[in-house]
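Listed here are the chains, written in short residue letters.
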Amino acid sequence: MLAVKELIVFYENAIAVNDLSLEVKQGQIVGVIGSNSAGKTTLMNTISGLILDMRLKERRKGGQRITVMGQVFFEGADISQTPAYERARAGIVLCRERHPIFPDSSVVENLKIAGYLRTRAQVRQGLEQAFALFPNLARWRRRKAGFLSGGEQQMLAIGMALMVGPKLLLLDEPLLGLSPAMQTQLVEAIKEVSSRTGVTLVIAEQFARPLLPWLDFAYVIENGMLTLTGPGPELMTNPEIKSAYFGV
Ligand SMILES: Nc1ncnc2c1ncn2[C@@H]1O[C@H](COP(=O)(O)OP(=O)(O)O)[C@@H](O)[C@H]1O
Ligand SMILES: [Mg+2]
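Residues numbered from 1 in each chain as written. Chains lettered and ligands numbered in written order. Predicted model: local features only at pLDDT ≥ 70, side-chain atom pairs only at ≥ 80, totals over all residues. Heavy atoms only, no water.

**Q** Break down the sheet that holds strand S8 (residues 200-205) for me, with residues and values.
**A** Whenever strands of a sheet pair, they do so through backbone hydrogen bonds, lying parallel or antiparallel. Reading across the sheet, the six strands line up as S6-S7-S8-S3-S9-S10 and stay open at both edges, with mixed pairing between neighbours. Both outer strands of the open sheet, strand S6 (92-95) and strand S10 (225-230), are each paired with one neighbouring strand and no more. Within this sheet the neighbouring strands show an average axis-to-axis angle of 20°, counted without direction. In this structure, strand S9 (residues 217-222) lies alongside S10, joined through five bridges in antiparallel fashion. Across the sheet, the residue bridging to Tyr219 is Thr229, located in S10. (Pairing = 2+ DSSP bridges. Helix = DSSP H or I, 4+ residues; strand = E, 2+ residues; numbered from the N terminus. Axes fitted to C-alpha atoms, helices over the stretch in contact; angles between N-to-C directions.)

Structure, rendered in structure tokens:
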């Protein structure tokens, strides 16, 4: 359903993504694994179209030059020049790094804000779905989001992204900053999202260990380039992965 072809992204003269191609099939959970600065966020922003907004903004203020080459295909159509809001409408939704939420609004309010473009029935359904997927959100529904734990805030961010009704959900480092126990809980929640909603998932992650066993396919990137690919469980046993990401 998604294909990225020979993508190259420059910030000024520095290359962030270097000739990267990948493919995602409907219903899959696909991982983009790489250390800090590998190019994960740049890739996610390019798939969601956010990079086009960033490029425009930089151009307007006479800032740095952002260059994007290559193509993004979604459901067979070339969307490389399609703006982010249209991609969102078409079903590509990005849950950005460090789960930005509205800390002074309640859990329910946050979810409703995320669903502002949807009908009342869709919002009701979306709330039910979020509370079924994330029981902690149901428990704290009237609580200010800023008082939730890091893991709960991440669940809320995913719940908010789901309110938009995505076909393709992009999660940028959902495990970032969470305790190992919380990471395990979040991985369980992500599996639930996949199996219950059928949404296709692309997950960028640095700390891939808890996630890897569940990835239908994983792309390992370093300095913007692909270094390894394969089904998650297969990569689990790869010695290079073990030394680079598991510290063994
Ligand atoms: N807005 C930006 N302006 C300039 N350089 C950037 C910008 N965003 C990212 N970079 C650079 O691009 C490279 C890839 O960054 P990023 O995509 O954020 O990687 P990751 O998400 O894997 O940490 C890094 O070298 C980073 O410094
Ligand atoms: Mg990043």
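Resuming the write-up.
**Q** Explain the site of ligand 1 residue by residue, including any values.
**A** Contacts to ligand 1 come from Tyr11, Ala16, Ser35, Asn36, Ser37, Ala38, Gly39, Lys40, Thr41, Thr42 and Gln64. Gln64 places a side-chain nitrogen or oxygen 2.8 Å from a nitrogen atom of ligand 1. Bound to the protein, ligand 1 loses 64% of the 550 Å² it would expose on its own. By residue number, the principal contributor to the shell around ligand 1 is helix H1 (residues 40-48), which donates three residues. Looking at side-chain class alone, the shell around ligand 1 contains three nonpolar, seven polar and one charged residues. (Near = heavy atom within 4 Å. Polar contact = N/O pair within 3.5 Å; in protein donor to acceptor, adjacent residues only side chain to side chain. Areas by Shrake-Rupley, 256 points an atom, 1.4 Å probe, with all protein chains shown as cover. Nonpolar A, V, L, I, M, F, W, Y, C, P; charged D, E, K, R; others polar.)

**Q** An account of the pattern of salt bridges is needed here, citing residue identities and associated values.
**A** Per the counting criterion, the structure on display carries six salt bridges. One salt bridge in this structure joins Arg65 and Glu12, with 3.1 Å as the shortest N-O distance. Of the two residues, Arg65 is situated in the loop between helix H2 (50-60) and strand S4 (66-74) and Glu12 in the loop between strand S1 (2-11) and strand S2 (14-24); the sequence distance between them amounts to 53 residues. Since its relative accessible area comes to 46%, Arg65 is described here as partly exposed. Note that Glu75 is salt-bridged to Lys167, the shortest N-O span being 3.1 Å. (Salt bridge = Lys/Arg side-chain N within 4 Å of Asp/Glu carboxyl O. Buried < 20%, exposed > 50% of the residue type's maximum accessible area, 1.4 Å probe, protein only.)

**Q** Pulling in residues and values, what's your account of the pairing of S1?
**A** Looking at chain direction, S1 and S2 are connected through seven bridges and run antiparallel. Its bridge partner lying in S2, Leu2 is registered against Val24. The turn joining S1 and S2, which pair antiparallel and follow one another in sequence, is formed by two residues; a positive phi near 55° is taken by Glu12. Bridge analysis of S1 against S4 gives eight bridges, and the strand direction is antiparallel. For Phe10, the partnering residue across the bridge sits in S4 and is Thr67.

**Q** Give me the coordination of the magnesium ion (ligand 2): which residues, what numbers.
**A** Six octahedral donors around a metal ideally subtend angles of 90 or 180 degrees, whereas four tetrahedral donors ideally subtend 109.5 degrees. Protein ligation of the magnesium ion (ligand 2) involves Thr41 (OG1) and Glu97 (OE), the donor distances falling in the range 1.9 to 2.2 Å. Of this pair, Thr41 sits in helix H1 while Glu97 sits in the loop between S6 and helix H4 (107-114); the two residues are 56 residues apart in sequence, bridging distant segments of the chain. (Donors = N, O, S within 2.8 Å, 3.2 Å for Na, K, Ca; no water.)

**Q** Outline the packing of helix H7 (residues 150-163) against helix H8 (residues 180-197), listing residues and values.
**A** The contact between H7 and H8 brings their axes to 10 Å, and the two run at 15°. Accordingly, the angle class assigned to the pair H7 and H8 is roughly parallel. The hand of the H7/H8 crossing is right-handed. Only Met182, Gln185, Leu186, Ile190 and Val193 of H8 make contact with H7, whose side of the interface consists of Gly151, Glu152, Gln154, Met155, Ile158 and Leu162. (Parallel < 35°, antiparallel > 145°, perpendicular 65-115°, else oblique. Left-handed = near helix turned anticlockwise from the far one by under 90°. Contact = heavy atoms within 4.5 Å.)

**Q** Before we move on, can you summarise the packing of aromatic side chains with the specific residues and values?
**A** Scanning the entire structure with this criterion turns up one aromatic pair. Pairing Phe217 with Tyr219 gives two aromatic rings, centres 5.1 Å apart and planes at 55°, and the pair type is tilted. Given the relative accessible area of 7%, Tyr219 is considered buried. Lying over the aromatic face of Phe73, Lys5 brings its terminal NZ or CZ to 4.5 Å of the ring centre. Lying over the aromatic face of Trp140, Arg143 brings its terminal NZ or CZ to 3.8 Å of the ring centre. (Phe/Tyr/Trp six-rings, centres within 6.5 Å; stacked < 30°, edge-to-face > 60°. Lys NZ or Arg CZ within 6 Å of the ring centre and 35° of its normal.)

**Q** Which residues make up the pairing of S6, and what are the values?
**A** Here S6 shows no split at all, with Ile92 and Leu94 on one side and Val93 and Cys95 on the other all buried. Note that S6 and strand S7 (residues 168-172) share four bridges and pair parallel. For Ile92, the partnering residue across the bridge sits in S7 and is Leu168.

**Q** Can you tell me about H7, naming the residues and giving the values?
**A** Helix length check: H7, at 14 residues, gives a terminal C-alpha distance of 20 Å against a target of 20 Å (1.5 Å per residue), a fit within 8%. Burial runs high along H7: 13 of the 14 residues are buried. One or two residues past the end of H7 sits Gly165, with phi positive at roughly 75°. (Expected span 1.5 Å × (residues − 1).)

So, to be careful, I would describe these as geometric facts and stop short of saying anything about function.
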